[in-house]
2 protein chains.
Amino acid sequence: MASTSPESAAAATETDGSTQIRRLELADHERGFVALLSQLSSCPDLTPSEFAARFAELAAHGDDHVILVAEDPSAQERRILATGCLFVERKFLRGGGKVGHVEDVVVDAAARGKGLGLHIVRRLVEIAKEAGCYKVILDCTPELRAYYAKCGFVEKGVQMAVYF
Amino acid sequence: MASTSPESAAAATETDGSTQIRRLELADHERGFVALLSQLSSCPDLTPSEFAARFAELAAHGDDHVILVAEDPSAQERRILATGCLFVERKFLRGGGKVGHVEDVVVDAAARGKGLGLHIVRRLVEIAKEAGCYKVILDCTPELRAYYAKCGFVEKGVQMAVYF
């Protein structure tokens, strides 16, 4: 595992004095986490046991797989307003280097414009750096180039895909 | 882990009646595997123990991390001529879906034009499909769009990166 401590960087912090950014918890299934993802991609809800099973699979990767969420501080039900994921890929090249992959960044439509997404992405980049990654990459639509440029990302190539 | 058996698809086969495509072995360190990767990216050699440690870390992922290699059938030393990697990312979206990521595809400069790279990428895509992935993605330079189109890939977006 990483010799540094990305966990420390992933500890809960606040964006504007109120919105908490923290790692995904099992209870976030009831706080609209999957519904939030449906604003990004096709996302049928999971049963509690399905959610728990996937949560456990990902938790087994330790600090090589981090999902951050931003929680609504004003609502009693603690709704999840934004999320982003980082996973660390270990390679043979670059002297046994590591690459951080940012995936599944989404902000609730009603909570956009507050910087929640940028805050999450910047934290994920910090975590990747602390974990010893030599780079962090992500794929996005051309319209989001400027958004990710605010987090220090520059365009590097094209994303290709095969769908089954 | 995957309920299907990508292992079966990754079993050794032949491309042109002679070149064997198979999963990476520990002994491939002595067959020029790291030197081959240096044709793709900065790639200082690893000591045998460093190579073995990374090999073990990746092997722990089972069929969620597959590195295929093409081996030179004519040389006594069984040099590695081409390679490509697939890792499977598990998500919460798409009903707990899986995405295949193709990385680190490289063919030795002296062995290009024989279709080894395409053969490896097609096999990786097959393995991802058998593992239940709903898509396979990769990042490349714009010049390689047509190359990957031969394996069924279409352009989907832009790749962004931060280097440390």
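Residues numbered from 1 in each chain as written. Chains lettered and ligands numbered in written order. Predicted model: local features only at pLDDT ≥ 70, side-chain atom pairs only at ≥ 80, totals over all residues. Heavy atoms only, no water.

Chain A has the name Glucosamine 6-phosphate N-acetyltransferase in an unreviewed UniProt entry, where Eragrostis curvula is given as its organism. Of the comments in the UniProt record for chain A, the one headed Subcellular location (unreviewed entry) reads "Endoplasmic reticulum membrane". The Sequence similarities (unreviewed entry) field of the UniProt record for chain A holds the comment "Belongs to the acetyltransferase family. GNA1 subfamily." (UniProt positions renumbered as here; feature names shortened; annotations may be inferred.)

Asks: Quick question: what am I supposed to make of the relation of the copies chain A and chain B here?
Replies: For the match of chain A to chain B, the screw axis carries a shift of 0.0 Å, the RMSD comes to 0.0 Å, and the turn is 180°. On this basis, the relationship between the two copies can be described by a two-fold rotation axis. Of every C-alpha in chain A, the one belonging to Val158(A) sits nearest the axis of rotation, 2.2 Å from it. Here 100% of the contact residues of chain A are again contact residues in chain B; the copies associate through an equivalent surface. (Least-squares fit on C-alpha atoms with pLDDT ≥ 70 in both. Contact = heavy atoms within 4.5 Å.)

Asks: So what exactly am I meant to see when it comes to the confidence of the model for chain A here?
Replies: Note: predicted coordinates in regions of low pLDDT should not be interpreted at a detailed level. Residues and elements named next belong to chain A. Summary statistics for chain A give a mean pLDDT of 90 and a share of 90% for residues scoring 70 or more. Note that pLDDT drops below 50 for residues 1-11; the model gives that stretch 29 contacts with residues more than four away or on any other chain. In the model output, the complex is listed with pTM 0.90 alongside ipTM 0.89. (pLDDT = per-residue confidence, 0-100.)

Asks: Mind showing me how you'd approach the interface of chain A and chain B here?
Replies: Contact with chain A, which involves 60 residues of that partner, is made by 61 residues of chain B. For chain A, the biggest contributors to the area lost against chain B are Phe92(A), Met160(A) and Phe164(A); these three give 18% of the whole. For the pair chain A and chain B, the number of links is 6 salt bridges. A salt bridge links Lys91(A) to Glu103(B); the nearest nitrogen and oxygen atoms lie 2.9 Å apart. Summed over the shared surface of chain A and chain B, the result is 30 residue pairs in polar contact (both at pLDDT 80 or more). No other element matches strand E7 (residues 154-163) of chain A, which puts 10 residues into the side of chain A that touches chain B. For the side of chain A that touches chain B, the class distribution of residues is 34 nonpolar, 12 polar and 14 charged. Looking at chain direction, E7(A) and strand E7 (residues 154-163) of chain B are connected through 7 bridges and run antiparallel. Note on E7(B): the bridge partner recorded for Val158(A) is Val158(B). (Buried area = accessible area lost by both parts, 1.4 Å probe. Salt bridge = Lys/Arg side-chain N within 4 Å of Asp/Glu carboxyl O. Polar contact = N/O pair within 3.5 Å; in protein donor to acceptor, adjacent residues only side chain to side chain. Helix = DSSP H or I, 4+ residues; strand = E, 2+ residues; numbered from the N terminus. Nonpolar A, V, L, I, M, F, W, Y, C, P; charged D, E, K, R; others polar. Pairing = 2+ DSSP bridges.)

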